[in-house]
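# A look at the structure
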Amino acid sequence: DVKVTQSSRYLVKRTGEKVFLECVQDMDHENMFWYRQDPGLGLRLIYFSYDVKMKEKGDIPEGYSVSREKKERFSLILESASTNQTSMYLCASSLGGAYNSPLHFGNGTRLTVT
Amino acid sequence: DQQVKQNSPSLSVQEGRISILNCDYTNSMFDYFLWYKKYPAEGPTFLISISSIKDKNEDGRFTVFLNKSAKHLSLHIVPSQPGDSAVYFCAAISGNTPLVFGKGTRLSVIA
């Protein structure tokens with residue numbers, strides 16, 4: 001069974017801090033994604049990666065960056081946290097090759113920026 | 001512009017009855033559709049999918065119907081159970097672009 005692990009369930013950070021959200025998957029998936037979920041807005045794609053060292057902007061990349069140095073790990077970086085980045089962050093992975101391969105999600109990190 | 005729309009933010013259904021969750025899309029290039037279920041404090045989990053070459057796919061209590069001409073799909077849950085209470089997300093994909101999600105519908109199944 002695919003496991004996507006997000007390093008923290010809850011985080012509280014101060015405005016202006018640099019924040020790292022870590023995600024690891026154990027099924028050798030090529031594709032990895034970062035979403036945020038907000039009430040009334042659903043799941044919005046921040047960044048995604050189809051291969052190591054590769055990254056693509058999603059729908060809302062402003063204020064974020066990512067790093068994928070190894071296939072199994074995809075990190076989301078908030079360069080200077082702001083209160084409007086308070087949200088639930090969800091990491092996901094999927095098999096490459098089949099574009100309709102279902103996403104497997106982690107349990108999320110609830111980030112609060114004060 | 002929202003490409004995948006779930007116009008009902010919430011739905012309440014009695015246990016044992018049918019739940020029907022609706023989803024509309026605007027992009028005619030979408031050729032594969034998925035439903036995800038999300039419980040609080042957990043990540044979404046894949047539920048069922050359908051290819052655009054089909055109009056129905058069934059998996060146990062869950063059936064997804066696709067009406068391409070209307071750009072509409074629906075998820076039917078029969079019979080509904082209290083454990084089905086969750087947020088349901090409709091999602092669509094075309095080619096090598098990432099999934100596009102709707103805003104979700106919160107289903108409450110009342111015992």
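Residues numbered from 1 in each chain as written. Chains lettered and ligands numbered in written order. Predicted model: local features only at pLDDT ≥ 70, side-chain atom pairs only at ≥ 80, totals over all residues. Heavy atoms only, no water.

### Digging into the nonpolar core
Within soluble globular proteins, side chains that are nonpolar generally end up buried alongside one another. All names here are of chain B. Residues F33, W35, L73, L75 and Y88 are the most contacted members of the largest nonpolar core, which totals 23 residues. Contributions of two or more residues to this core are made by β3 (19-25), β4 (32-38), β5 (45-51), β7 (62-67), β8 (72-77), β9 (86-93) and β11 (105-110). If you tally residues by element for this core, the top one is β9, at four residues. In this structure Y88 touches Q6, L21, W35, Y36, K37, L47, L75, I77, G104, T105 and L107, once residues within four positions along its chain are discounted. (Core = buried A, V, L, I, M, F, W, Y, C linked by side-chain atoms within 4.5 Å. Buried < 20%, exposed > 50% of the residue type's maximum accessible area, 1.4 Å probe, protein only. Helix = DSSP H or I, 4+ residues; strand = E, 2+ residues; numbered from the N terminus. Contact = heavy atoms within 4.5 Å.)

### Considerations on the pairing of strand β12 (residues 109-113) of chain A
Residue and element names in this part refer to chain A. By the alternation rule, side chains of β12 split into T109, L111 and V113, which are all buried, and R110 and T112, of which none is buried. The pairing of strand β2 (residues 10-13) with β12 spans four bridges and is classified as parallel. Following the sheet pairing, Y10 is matched in β12 by R110. With three bridges joining them, strand β10 (residues 87-94) and β12 adopt antiparallel strand pairing. Across the sheet, Y89 pairs through a bridge with T109, a residue of β12. (Pairing = 2+ DSSP bridges.)

### Quick notes on the state of the cysteines
Evaluated as defined, the whole model comprises two disulfides over all chains. Disulfide pairing places C23(A) opposite C91(A) at an S-S distance of 1.9 Å. Every disulfide takes its handedness from the sign of the S-S torsion; for C23(A) and C91(A) that torsion is -80°, giving left-handed. You can see C23(A) sitting in strand β4 (residues 23-25) and its partner C91(A) sitting in strand β10, a full 68 residues away along the chain. For the pair formed by C23(A) and C91(A), the shared burial category is buried. Here C23(B) connects covalently by a disulfide to C90(B), the sulfurs 2.1 Å from one another. Across the disulfide from C23(B) to C90(B), rotation about the S-S bond amounts to roughly -75°, and the bridge is consequently left-handed. Of this pair, C23(B) sits in strand β3 while C90(B) sits in strand β9, placing them 67 residues apart in sequence. Accessibility assignment for this pair places C23(B) and C90(B) in one class, buried. (Disulfide = S-S within 2.5 Å.)

### Focus on the interface of chain B and chain A
Every contact between the two is made by 21 residues of chain B and, on the other side, 19 residues of chain A. Here chain B meets chain A over a buried area of about 1700 Å², counting both sides, of which 62% is carbon and sulfur. Viewed at the interface, chain A and chain B are joined by zero salt bridges. Counting across the chain B and chain A interface gives five residue pairs in polar contact (both at pLDDT 80 or more). (Buried area = accessible area lost by both parts, 1.4 Å probe. Salt bridge = Lys/Arg side-chain N within 4 Å of Asp/Glu carboxyl O. Polar contact = N/O pair within 3.5 Å; in protein donor to acceptor, adjacent residues only side chain to side chain.)

Everything listed is a geometric property; what it means functionally is a separate question.
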